[in-house]
Amino acid sequence: MSTEYPKIKTLFVRDEATHKVHVGELRNPIYGLIKEWEWTEKIDGTNIRIIWDGAKITFGGRTESAQIPAKLLNWLNAQIHAEALYTTFGDTPAVVFGEGYGAGIQKGGNYSPEQRLIVFDVLVEGRWWLDRENTADVAGKLGLKIVPYWGTASLEDAVEAVRAGFASPLALDTIGEEVYAEGLVGRTAQPLFDKHGDRLIVKIKTRDF
């Protein structure tokens, strides 16, 4: 079974010529049926998986062929231990998804001079997505942080916030300077899926406007 993280789709349809989005033209009409979303900061980094098979840990990138930056891999090996995974999940398989960030990863120097990982999702037994409270609990048991929570809001309010730009809480927390956030990621309070079985999760990026 693949443990790759599903690609998060942009909220709006993208113009192939300008690469900007058509504001108001939802990529999936079902998004408009959700009145409130839970929003977290979108981190500009690289997708990382902590894969627990019930006995041992494997680290992976977003895909099976993706390479993990050497400094980040060293940090993961020093930070994440099998004992903590077993204490958290027992012999139940699980995947902890996070974003690797820091200097040398995308524009990660705006977040931290050190490469490290921040958690944004947890999948248990290949089918159970944890809510934010339980995701935060897992992250804490592993000695990791969870992506900053922006708040609960409608699509319209989240779009306006991203369009206007806002300071990254992660950057403020690690380097103490104001840096524009890359955007927001929206989820439903409890995991919901469309008719294709795709999870309802969207992203809004500042550079799209």
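Summarised in this report is the structure supplied together with it.

Conventions and cut-offs
Residues numbered from 1 in each chain as written. Predicted model: local features only at pLDDT ≥ 70, side-chain atom pairs only at ≥ 80, totals over all residues. Heavy atoms only, no water. Helix = DSSP H or I, 4+ residues; strand = E, 2+ residues; numbered from the N terminus. Rg over C-alpha atoms; globule rule 2.2 N^0.38 Å. Buried < 20%, exposed > 50% of the residue type's maximum accessible area, 1.4 Å probe, protein only. Contact = heavy atoms within 4.5 Å. Lys, Arg positive; Asp, Glu negative; His and termini not counted. Charge placed at Lys NZ, Arg CZ, Asp CG, Glu CD. Pairing = 2+ DSSP bridges. Axes fitted to C-alpha atoms, helices over the stretch in contact; angles between N-to-C directions.

1. Considering the overall build of the chain
Point 1. Each helix and strand counted, the chain has 5 helices and 13 strands in total.
Point 2. For 209 residues, the compact-globule estimate of 2.2 N^0.38 gives 17 Å, and the chain sits close to it at 17 Å.
Point 3. Overall, the chain is about 45 × 40 × 30 Å in size when its C-alpha atoms are taken along their principal axes.
Point 4. Counting all 209 residues of the chain, 46% fall into the buried class.
Point 5. Considering only contacts in the chain between residues 6 or more positions apart, those separated by 24 or more positions represent 63%.
Point 6. Looking at charge distribution, the chain has the averaged site of its 24 positive side-chain charges lying 4 Å from that of its 29 negative ones.

2. Structural notes on the sheet that holds strand 1 (residues 9-10)
Point 1. Reading across from one edge, 1-13-12-4-11 is the order of the 5 strands in this open sheet, with mixed pairing throughout. Of all strands in the sheet, those bounded by a partner on one side alone are strand 1 and strand 11 (149-153).
Point 2. Summarising the sheet, strand 4 (residues 37-41) and strand 12 (residues 183-187) pair through 4 bridges and their orientation is antiparallel. Bridging from a neighbouring strand, E38 pairs with R187 of strand 12.
Point 3. With respect to the sheet, helix 4 (residues 155-164) is in contact with strand 4, strand 11, strand 12 and strand 13 (201-205), its orientation differing from that of strand 11 by roughly 140 degrees.

3. Description of unusual backbone geometry
Point 1. The phi angle at H19 is positive, at roughly 65 degrees, despite the residue not being glycine.
Point 2. With a relative accessible area of 53%, H19 lands in the exposed category.
Point 3. Not every positive phi belongs to a glycine, and E125 is a case in point at roughly 55 degrees.
Point 4. Topologically, E125 is positioned in the loop between strand 8 (116-124) and strand 9 (128-129).

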